[in-house]
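Survey of secondary and tertiary structure
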Protein chains: 2
Amino acid sequence: MSKASYHHGDLSQQARQQALTVLREQGDSAISLRALARQIGVSAPALYRHFADRESLLAELAIHGFQTLRQRLLQVTQTPPRQALIGIGLAYVSFAQDDPNLYRLMFGGRVLPRGAHPRLDDAGQAAFQVLEDTVERARRCGYLRPLPLSLMTATAWSLVHGLSQLTIDGHLPGTDAEPRLAEGITSLLLEGAISPTNNNEDTP
Amino acid sequence: MSKASYHHGDLSQQARQQALTVLREQGDSAISLRALARQIGVSAPALYRHFADRESLLAELAIHGFQTLRQRLLQVTQTPPRQALIGIGLAYVSFAQDDPNLYRLMFGGRVLPRGAHPRLDDAGQAAFQVLEDTVERARRCGYLRPLPLSLMTATAWSLVHGLSQLTIDGHLPGTDAEPRLAEGITSLLLEGAISPTNNNEDTP
DNA sequence: ATGCCAATGTTAACACTGTTAACTTGCAGG
DNA sequence: CCTGCAAGTTAACAGTGTTAACATTGGCAT
């Protein structure tokens, strides 16, 4: 199935693979269809039999990214509420740190506009769903304060996403051990989200 | 000073201006030096007298962005601690929403790598400094719990940055009024950061 | 006032890029 | 067998960033 003949037979897969390694090493802007084709040993227009355009190829990489992110989150979710929430935070940040360029592509925004690739939107939504389910479960256990679900999930999502982005871009002075930073930040948010067992005072 | 002669006299400024409007309307990837020169009415290589390369032009736009962000943050800082902290959060997010493409450029990461443009790093640092000063002031007032300064600033920075990025990219279901979302998120974090006036129980 | 020079433009060219059109090859099923 | 369709090919277009070599000019020193 890997004959050096006219019909390559495995081009689509091999192109994704090669694009992924280029992405990992040099970022999305370094992905060139012509260079990809050259390295694989095929002519550039051949790729258009498998991808509508460059952006569609990038979208597929991002989809794959969201799928593995979802898997990683699911793995740390089967635990008690607090542990699950902190685990999600840590898993999320470590995913971004392990694959910064992939993460940047997934949340590029301008490079992969929302709405242009439905399967991408779905994959992102599915990953987000893991977080939302975990938050809802924790709240139903009475572990979290009875605030609107959308508010709490948005807060958690914002926090881990912002932390990921800032650390991989080097905006945070990472002199300290960074895992501890992520853990501290996550629990700092939780101290505010934990339902007060006693001394419940509203802040109007 | 605007003669249609050989020496343009105002090219640098005009190029920045034009690049900024293109950025605002179509994003950084739509900024083309050749197209810019064409629209201004000058030959492409002329731009290289004023900018080392395309990336340097983008860097100057980002620098300007950080400067105006800093100004906006300073304006809401001259208030009591809690009001200042929430104000920073709101100002930050609204800045991103007013100018999404500029914001994306400022925190591009891959398009403007950290360390390549010292003046950019400084401008970003200066904006961050406003947040850090405000947090430190609030903590010294006793308004915040006595946690490490770096931890609290990192948390606040992560939260507002993540929220900004997620909203401008449409990842958050923005059906609700979004300003209220930002306010809710910011105060939710604060509830966890506020030093408990009574009933101080540590969580080891 | 004049002459020179550095700053600031110009054109031509190189090496890329994404993308489409038109043509060719060869495997698979009637 | 042969034919049709999927999957590859070359040629070409329009665009990009960037550099080299050349042209023009405004201002400064003589």
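It should be emphasised that the depicted structure is a prediction, and the values quoted were computed from it without experimental measurement.

Reading guide: rules and limits
- Residues numbered from 1 in each chain as written.
- Chains lettered and ligands numbered in written order.
- Predicted model: local features only at pLDDT ≥ 70, side-chain atom pairs only at ≥ 80, totals over all residues.
- Heavy atoms only, no water.
- Helix = DSSP H or I, 4+ residues; strand = E, 2+ residues; numbered from the N terminus.
- Expected span 1.5 Å × (residues − 1).
- Buried < 20%, exposed > 50% of the residue type's maximum accessible area, 1.4 Å probe, protein only.
- Domains from an automatic or database assignment.
- Contact = heavy atoms within 4.5 Å.
- Buried area = accessible area lost by both parts, 1.4 Å probe.
- Salt bridge = Lys/Arg side-chain N within 4 Å of Asp/Glu carboxyl O.
- Polar contact = N/O pair within 3.5 Å; in protein donor to acceptor, adjacent residues only side chain to side chain.
- Nonpolar A, V, L, I, M, F, W, Y, C, P; charged D, E, K, R; others polar.
- Axes fitted to C-alpha atoms, helices over the stretch in contact; angles between N-to-C directions.
- Parallel < 35°, antiparallel > 145°, perpendicular 65-115°, else oblique.
- Left-handed = near helix turned anticlockwise from the far one by under 90°.
- Near = heavy atom within 4 Å.
- Phe/Tyr/Trp six-rings, centres within 6.5 Å; stacked < 30°, edge-to-face > 60°.

With that out of the way, let us pick up helix H6 (residues 118-140) of chain A. An ideal rise of 1.5 Å per residue puts 33 Å on 23 residues; H6 of chain A measures up with 32 Å between its terminal C-alpha atoms. All of the buried residues in H6 of chain A are Leu120, Asp121, Ala123, Gly124, Ala127, Phe128, Val130, Leu131, Glu132, Thr134, Val135 and Ala138 of chain A.

This paragraph deals with the domain arrangement of chain A. Residue and element names in this part refer to chain A. Under the domain assignment used here, chain A contains domain 1 (1-51) and domain 2 (56-193). Here the C-alpha centre of domain 2 lies 30 Å away from the C-alpha centre of domain 1. With 13 residues of domain 1 at the contact, the number on the domain 2 side is ten residues. Here domain 1 meets domain 2 over a buried area of about 1,000 Å², counting both sides, of which 70% is carbon and sulfur. Along the contact surface separating domain 1 from domain 2 lie two salt bridges. Where Glu60 meets Arg16, a salt bridge forms, and the shortest distance between an N and an O atom there is 2.4 Å. Put simply, domain 1 and domain 2 have four residue pairs in polar contact (both at pLDDT 80 or more) between them. Elements supplying a minimum of two residues to the side of domain 1 that touches domain 2: helix H1 (11-26) and helix H2 (33-40). When residues in the side of domain 1 that touches domain 2 are grouped by element, the largest group, seven residues, is from H1. Taken together, the residues of the side of domain 1 that touches domain 2 sort by class into seven nonpolar, two polar and four charged.

Our next topic: the interface of chain A and chain B. Facing 42 residues of chain A, the contacting portion of chain B comprises 41 residues. Interface area, chain A with chain B, both sides summed: about 3,600 Å², of which 62% is carbon and sulfur. The largest contributions to the chain A side of the interface with chain B come from Arg110, His171 and Leu188 of chain A, which together make up 18% of the buried area. Joining chain A to chain B, the criterion identifies zero salt bridges. Our count for the chain A to chain B interface comes out at four residue pairs in polar contact (both at pLDDT 80 or more). For the side of chain A that touches chain B, the elements supplying multiple residues, two or more each, are helix H5 (100-106), helix H7 (149-168) and helix H8 (178-193) of chain A. Residue composition of the side of chain A that touches chain B, grouped by class: 15 nonpolar, 18 polar and nine charged.

Before going further, it helps to spend a moment on the packing of helix H4 (residues 81-98) of chain A against H7 of chain A. Residue and element names in this part refer to chain A. Their axes nearest at 9 Å, the elements H4 and H7 cross at an angle of 30°. Here H7 runs roughly parallel to H4, going by the angle between their axes. Like other packed secondary-structure pairs, H4 and H7 cross with a definite hand, here right-handed. Residues Gly89, Tyr92, Val93, Ala96 and Gln97 of H4 touch H7, and the partners they reach there are Trp157, Val160, His161, Leu163, Ser164, Thr167 and Ile168.

This part takes up the pattern of salt bridges. Taken as a whole and judged by the stated rule, the model has 14 salt bridges over all chains. The salt bridge partner of Arg140 of chain A is Glu136 of chain A, with a shortest N-O separation of 3.3 Å. Residue Arg140 of chain A and its partner Glu136 of chain A are both found in helix H6; the two are separated by four residues, about one turn of the helix. Accessibility expressed as a relative area gives 69% for Arg140 of chain A, which makes it exposed. Residue classification places Glu136 of chain A among the partly exposed residues on the basis of a relative accessible area of 27%. Between Asp121 of chain B and Arg114 of chain B there is a salt bridge whose closest N-O contact spans 3.9 Å.

This part covers the protein's contact with DNA strand D. Taken together, 25 residues lie near DNA strand D, and Ser43 and Arg49 of chain A together with Leu33, Arg34 and Arg38 of chain B sit nearest. Backbone atoms, meaning sugar plus phosphate, form 52% of the atoms of DNA strand D positioned within 4 Å of the protein. The dominant element in the surface near DNA strand D, judged by the number of residues it contributes, is helix H2 (residues 33-40) of chain B, at four residues.

A separate point is the packing of helix H3 (residues 54-75) of chain A against H6 of chain A. Residue and element names in this part refer to chain A. Orientation of H3 relative to H6, taken along the N-to-C sense of each, is 15°, at an axis distance of 9 Å. Classified by the angle between their axes, H3 and H6 sit roughly parallel to one another. Seen from above, H3 lies across H6 with left-handed handedness. In this structure, H3 uses Ala59, Glu60, Ala62, Ile63, Phe66, Leu69, Arg70, Leu73 and Leu74 to contact H6, whose residues at the interface are Arg119, Leu120, Ala123, Gly124, Ala126, Ala127 and Val130. Among the residues making up the contact of H3 with H6, the classes are represented as twelve nonpolar, one polar and three charged.

With the rule as written, the count across this model stands at twelve aromatic pairs over all chains. Residues Tyr103 of chain A and Phe107 of chain A carry aromatic rings whose centres are separated by 4.8 Å and whose planes lie at 45° to one another, so their mutual orientation is tilted. With respect to class, Tyr103 of chain A is no different from Phe107 of chain A; both count as buried. Where Phe128 of chain B meets Trp157 of chain B, the ring centres are 4.9 Å apart and the plane angle is 85°; that geometry is what we call edge-to-face. Of the two residues, Phe128 of chain B is situated in helix H6 (residues 118-140) and Trp157 of chain B in helix H7 (residues 149-168); the sequence distance between them amounts to 29 residues. Each member of the pair Phe128 of chain B and Trp157 of chain B is classed as buried. Grouping aromatic residues by their ring pairs yields a cluster made of Phe66, Tyr92, Tyr103, Phe107, Phe128 and Trp157 of chain A.

Before going further, it helps to examine the environment of Gly27 of chain A. In this structure, Gly27 of chain A sits in the loop between H1 and H2. Considered as a pair, Gly27 of chain A and Leu73 of chain A are 46 residues apart in the sequence and their alpha carbons are 24 Å apart. Residues within four places of Gly27 of chain A in sequence aside, it is in contact with Val22 and Asn101 of chain A together with Arg110 of chain B.

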